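Okay, here's what each chain looks like letter by letter:
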Amino acid sequence: MAQTLLLRRKGVIGSLSVLQSFSVCIRLFRESYYSEAGEGARGHGQAREKRKSKYAQYFRVLELPDDSNKETVRRRYIELVKTYHPDTNKTPSDKFSEIDKAYRALLVKFKEDSAREEASVGEYGLYYKGDNENIDEDDDETEYPDIRHTAPQHRQYLEYGGFGYGTPAQRQKQHQKYRAIRANEAVFEHRIGKVTAEYENRLVTKERKTIKKHSTRNQIERLVEDLIQESMASGEFDNLSGSGKPLPNRVDYNPYTDYTTHKVNQILVEGGFAPEWVMLRKNISDDFVSIRSQLTTKRRQMGEPPFTAQNMQDWHKLYEKLEKNDVQDVNKKINNYNLIVPMLSSQMFQFNLKNEAKKILDMDAKSLEDSC
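Residues numbered from 1 in each chain as written. Predicted model: local features only at pLDDT ≥ 70, side-chain atom pairs only at ≥ 80, totals over all residues. Heavy atoms only, no water.

A. Focus on the pattern of salt bridges. On inspection of all chains with the given rule, the structure shows 13 salt bridges. Its salt-bridge partner being glutamate 79, residue arginine 76 comes within 3.2 Å of it at the nearest N-O pair. One end of the pair is arginine 76 and the other is glutamate 79, both in helix α2 (residues 70-84) and 3 residues apart, which spans about a single turn. Of the charged contacts, one joins lysine 333 and aspartate 287 as a salt bridge, the two residues approaching to 2.9 Å between their closest N and O atoms. One end of the pair, lysine 333, is in helix α9 (residues 326-340); the other, aspartate 287, is in helix α7 (residues 276-302), and 46 residues separate them in sequence. Classification of lysine 333 by relative accessible area gives partly exposed; the value is 27%. Taken together, the shared-partner salt bridges in this structure form one network comprising Glu63, Arg76 and Glu79. (Salt bridge = Lys/Arg side-chain N within 4 Å of Asp/Glu carboxyl O. Helix = DSSP H or I, 4+ residues; strand = E, 2+ residues; numbered from the N terminus. Buried < 20%, exposed > 50% of the residue type's maximum accessible area, 1.4 Å probe, protein only.)

Structure below.
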């Protein structure tokens with residue numbers, strides 16, 4: 001019995017000694033942990049103070065406090081630039097270059113702050129790549145030795161395309177809703193594209209039919225014109241009444257107008273009404289006939305070549321008379337006609353008396369008789 005008590009006493013003493021040793025270890029661990037945390041906090045505070053002092057001079061250049069945000073810096077920079085820009089400030093000074101340098105340095109600071117905030121987001125927030133290539137690695141090692149930590153990326157947060165937040169079940173529901181929205185957008189875009197394609201196809205088909213219709217009509221008109229010319233050349237129209245005689249003195253009508261418009265125009269013309277350009281064209285044609293008739297009559301009076309000096313003198317007198325009077329008048333009419341005619345293809349060239357006189361002068365007796 002005494003031996004049993006002695007053994008129990010020794011066990012209790014041993015347990016106490018183990019507890020004492022364990023408490024000592026815990027105390028040492030706490031001291032070590034808090035000392036390291038304090039050193040880390042002090043190191044971070046020193047780095048922050050160093051960084052703050054690094055950019056303090058730039059804030060002083062812009063006349064701003066050290067805790068100013070990016071928008072405040074931008075507005076102050078614009079105000080100072082308006083004041084010290086060389087185009088507005090005639091006094092030579094380096095103030096503008098100092099302001100610009102300070103503003104660019106502070107932009108780098110704000111960019112580094114933004115990248116650092118994105119890289120330090122926790123595992124239950126949004127995940128960023130945390131690219132820090134633009135931040136100097138030496139500055140990271142010296143100024144921020146404790147920010148070397150990367151949030152753990154658990155396997156469950158790599159599923160569902162990295163979309164959503166919360167528990168896996170919540171993220172799954174969010175991902176399903178997101179896929180449904182994307183599918184709805186894809187269907188809508190497909191339907192819009194299909195409707196647009198059908199509308200464009202209808203327009204293209206309509207335009208193609210219109211072009212084909214015009215092309216067919218032009219081909220038919222060309223074929224009919226070629227057949228008429230061929231028949232005229234072969235003499236198939238010589239047996240018609242009025243063959244070889246000029247067309248009746250009337251206004252030409254548009255064959256493509258409807259019957260009502262055609263009859264209205266016919267009534268107006270028969271009553272003495274016609275567009276100004278139509279009547280002017282008729283007068284110009286009459287003047288052409290009159291000038292050619294005078295030249296032909298004179299040429300017939302001169303007889304066969306060679307011509308005498310008196311004949312050539314009379315010919316030149318007639319030429320000068322026509323050039324001063326009739327040709328000038330008809331050319332003025334042609335100018336007025338070209339200004340008012342509605343169709344570009346119906347415009348006329350000036351009457352060339354020199355070419356007409358030379359052509360008639362070179363004609364023989366038989367050609368002169370045919371021209372009559």
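B. Looking closely at the side chain of arginine 116. Its place among the elements puts arginine 116 in helix α3 (residues 95-119). Of note is the side chain of arginine 116, whose polar atom sits 3.3 Å from the side chain of aspartate 113. (Polar contact = N/O pair within 3.5 Å; in protein donor to acceptor, adjacent residues only side chain to side chain.)

C. The packing of α7 against helix α10 (residues 353-361), seen in detail. Taken N-terminus to C-terminus, the directions of α7 and α10 make an angle of 35°; their axes are 10 Å apart at the nearest point. Considering only the axes of α7 and α10, their crossing is right-handed. The residues of α10 that touch α7, namely those facing Ile291, Arg292, Leu295, Thr296, Arg299 and Met302, are Leu353, Glu356, Ala357, Ile360 and Leu361. Here the residues of the contact of α7 with α10 sort into 7 nonpolar, 1 polar and 3 charged. (Axes fitted to C-alpha atoms, helices over the stretch in contact; angles between N-to-C directions. Left-handed = near helix turned anticlockwise from the far one by under 90°. Contact = heavy atoms within 4.5 Å. Nonpolar A, V, L, I, M, F, W, Y, C, P; charged D, E, K, R; others polar.)

D. Structural detail: α9. The end-to-end C-alpha separation of α9 is 22 Å, in line with the 21 Å expected for 15 residues at 1.5 Å each. Turning to α9, its buried residues are Val327, Val330, Asn331, Ile334, Tyr337 and Asn338. Buried residues of α9, seen end-on, are gathered within an arc of 115° and therefore sit on one face of the element. For α9, exposure combined with an orientation more than 90 degrees from the buried face picks out Lys332 and Leu339. Buried residues along α9 sit in contact with α7, α8 (309-324) and α10. (Expected span 1.5 Å × (residues − 1). Arc of directions from axis to C-beta.)

E. Inspection of a negative patch on the surface at higher detail. Side chains of Glu225, Asp226, Glu230 and Glu236 sit close together on the surface and give a patch of like negative charge. Here glutamate 230 lies in helix α5 (residues 168-234). By relative accessible area, which is 55% here, glutamate 230 ends up exposed. (Patch = residues over 30% accessible without salt bridge, like charges linked within 9 Å, V, L, I, M, F, W, Y side chains within 5 Å. Areas by Shrake-Rupley, 256 points an atom, 1.4 Å probe, with all protein chains shown as cover. Lys, Arg positive; Asp, Glu negative; His and termini not counted. Charge placed at Lys NZ, Arg CZ, Asp CG, Glu CD.)

F. View of α7. The terminal C-alpha atoms of α7, which comprises 27 residues, lie 40 Å apart, in line with the 39 Å expected from a rise of 1.5 Å per residue. Looking at α7, one finds that the buried residues are Val278, Leu280, Ile284, Phe288, Ile291, Leu295, Thr296, Lys298, Arg299 and Met302. Within two residues after α7, glycine 303 carries a phi angle of roughly 75°, on the positive side.

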